[in-house]
Amino acid sequence: MADNRAKTRVAVAGLGAIGTDVVKALDQGIEGLTLVAVSANSPDKHRGWVAELKSAPKLVPIGQLAEIADIVVECAPSTLVRSIVAPVVERGKTAVVLSVGALLQNEDLVDLAKAHGGQIIVPTGALIGLDAVTAAAVGTIHSAKLVTRKPVAGLVGAPHLVGNNIRIEGITEPLRIFEGSARDAAKGFPANLNVAVALSLAGIGPDRTRVEIWADPTVTRNTHRIEVDSDSARFSMMIENIPSENPKTGRITALSVIACLRKLRASLRIGT
Ligand SMILES: NC(=O)C1=CN([C@@H]2O[C@H](COP(=O)(O)OP(=O)(O)OC[C@H]3O[C@@H](n4cnc5c(N)ncnc54)[C@H](OP(=O)(O)O)[C@@H]3O)[C@@H](O)[C@H]2O)C=CC1
Ligand SMILES: O=C([O-])CC(=O)C(=O)O
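Residues numbered from 1 in each chain as written. Chains lettered and ligands numbered in written order. Predicted model: local features only at pLDDT ≥ 70, side-chain atom pairs only at ≥ 80, totals over all residues. Heavy atoms only, no water.

Engineer: Which parts of the structure should I look at to understand the side chain of K150?
Structural biologist: Mapping K150 onto the fold places it in strand β7 (residues 141–150). Notably, K150 is buried but unbridged: the nearest opposite-charge side chain belongs to D216, and the N-O separation is 13 Å. Excluding residues that lie within four positions of it along the chain, K150 makes contacts with L155, N192, W214, A215, D216, V219, R221, N222, H224 and K248. (Helix = DSSP H or I, 4+ residues; strand = E, 2+ residues; numbered from the N terminus. Buried < 20%, exposed > 50% of the residue type's maximum accessible area, 1.4 Å probe, protein only. Lys, Arg positive; Asp, Glu negative; His and termini not counted. Salt bridge = Lys/Arg side-chain N within 4 Å of Asp/Glu carboxyl O. Contact = heavy atoms within 4.5 Å.)

Written out as structure tokens, the structure reads:
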């Protein structure tokens with residue numbers, strides 16, 4: 001039987017490590033969705049491959065995305081989250097947010113979404129286990145902790161390192177470079193610790209979620225281990241992400257967004 005429902009229009013803000021794969025997957029076809037627009041900082045860099053897609057979307061500035069699409073996927077630098085997400089949720093539409101750390105400086109976006117019937121979706125991204133964390137949070141979570149280990153290349157330049165004059169280039173043994181709350185981790189490592197904020201928003205919030213970060217020359221993967229203790233279950237899980245062409249971003253992140261988009265209109269939906 002043909003499905004005559006209108007397709008949900010999707011736009012992608014940012015065509016880097018995450019956005020490019022998401023755009024290609026949408027172009028290949030995701031049930032119920034159609035790609036209508038994309039944005040990048042240097043449109044000319046992307047014009048060629050975007051034009052070659054089966055169904056080429058418009059290449060427009062981010063300010064136009066909310067008007068054109070029903071769902072906007074943010075995969076741009078964290079400083080742009082507000083300008084991408086606010087116009088979307090103000091129109092009662094849906095924003096999928098990857099730069100999760102920036103939500104902590106823009107918490108009113110959630111109120112804005114509530115006031116206008118919009119929605120902000122945070123995919124599991126580079127992390128693991130947010131299905132179990134959100135389930136445990138229906139009961140009581142006693143503690144939640146994230147231990148992240150990254151190769152040096154995935155951490156250099158982070159504001160916490162620069163501000164505290166911590167040099168990690170050339171280290172030969174693992175070095176713990178941060179211990180504190182998810183809120184402080186997001187400030188000190190805005191391009192690295194989206195996962196800490198995602199865990200905190202799923203569980204017990206950015207002030208009670210504890211985070212350790214290690215610069216580790218012995219690993220080649222971005223490694224995240226979560227440890228949660230609750231009144232329903234105790235669990236720990238680890239994910240070892242293969243970096244994408246952006247060493248700060250694991251390959252699985254784009255796949256997580258694609259899986260999240262597939263769930264939106266799928267006839268069978270698995271997982272919380
Ligand atoms: N939630 C999670 O688990 C994870 C989240 N992230 C976060 O996701 C975000 C995207 O990551 P990633 O894909 O690796 O980043 P990249 O640096 O690879 O790509 C960023 C993209 O944003 C585009 N961009 C920059 N400025 C603008 C602008 N003014 N208007 C439109 N587009 C713009 C760039 O355009 P151009 O190509 O023209 O330069 C580029 O295509 C980051 O904030 C990152 O921290 C990353 C990993 C995991
Ligand atoms: O592991 C990754 O791929 C990215 C990461 O830590 C993050 O952005 O939180």
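Engineer: Could you clarify how one ought to interpret the UniProt feature "active site" (unreviewed entry) in the chain in this entry?
Structural biologist: In the UniProt entry, the feature "active site" (unreviewed entry) is given for H224. Mapped onto the fold, H224 is located in strand β10 (residues 222–230). In this view, H224 contacts A126, L127, L146, V147, T148, K150, V195, M237, M238, I239 and N241; residues no more than four positions away in its chain are not counted. Looking at H224, its side chain comes within polar contact range of the side chain of T148, at 2.8 Å. (UniProt positions renumbered as here; feature names shortened; annotations may be inferred. Polar contact = N/O pair within 3.5 Å; in protein donor to acceptor, adjacent residues only side chain to side chain.)

Engineer: Mind showing me how you'd approach the site of ligand 2 here?
Structural biologist: Around ligand 2 there are 13 residues in total, and K150, N192, V195, H224 and G250 lie nearest to it. With respect to ligand 2, the side chain of H224 contributes an N or O atom lying 2.6 Å from an oxygen atom. At 2.4 Å from an oxygen atom of ligand 2 is found a main-chain nitrogen or oxygen belonging to G250. Summarising the interface, the protein chains cover 95% of the accessible area of ligand 2, which totals 260 Å² for the free molecule. Those elements giving two or more residues to the shell around ligand 2 turn out to be α9 (194–202) and β10. For the shell around ligand 2, a count of residues per class yields 4 nonpolar, 7 polar and 2 charged. (Near = heavy atom within 4 Å. Areas by Shrake-Rupley, 256 points an atom, 1.4 Å probe, with all protein chains shown as cover. Nonpolar A, V, L, I, M, F, W, Y, C, P; charged D, E, K, R; others polar.)

Engineer: So what exactly am I meant to see when it comes to the site of ligand 1 here?
Structural biologist: Of all residues adjacent to ligand 1, which total 28 residues, the nearest are S42, H46, S99, A126 and T249. In this structure, an oxygen atom belonging to ligand 1 sits 3.0 Å away from a main-chain N or O atom of I18. In the model, an oxygen atom of ligand 1 is placed 3.1 Å from a nitrogen or oxygen of the K45 side chain. Surface burial for ligand 1 is 83%, taken as the share of its 930 Å² of free accessible area covered by protein chains.

Engineer: What should I look at first to understand the nonpolar core in this one?
Structural biologist: Nonpolar side chains tend to gather and get buried jointly when the protein is soluble and globular. Counting residues in hydrophobic clusters, the biggest one holds 61 residues, and the most contacted among them are V133, L146, F189, L193, V211 and I213. Of the residues that make up this core, three or more belong to each of domain 1 (8–125 + 252–265) and domain 2 (130–241). If sequence neighbours within four positions are ignored, V211 has contacts with L146, F178, E179, G180, S181, A182, A185, L193 and A196. Ranked by size, the runner-up nonpolar core spans 25 residues in total, among them V50, V96, A254 and I258. (Core = buried A, V, L, I, M, F, W, Y, C linked by side-chain atoms within 4.5 Å. Domains from an automatic or database assignment.)

Engineer: Help me understand the packing of aromatic side chains, please; the structure alone is not making it clear to me.
Structural biologist: Any pair of aromatic rings gets described here by the distance separating the centres and the angle formed by the planes. Tallied over the entire structure, the rule returns 1 aromatic pair. When the centroid spacing of 5.9 Å and the interplanar angle of 75 degrees are considered together, the rings of F178 and F189 count as edge-to-face. Highlighted residues: F178 in strand β8 (residues 175–181) and F189 in the loop between α8 (182–188) and α9, separated in sequence by 11 residues. For the pair shown, F178 and F189 are each scored as buried. (Phe/Tyr/Trp six-rings, centres within 6.5 Å; stacked < 30°, edge-to-face > 60°.)

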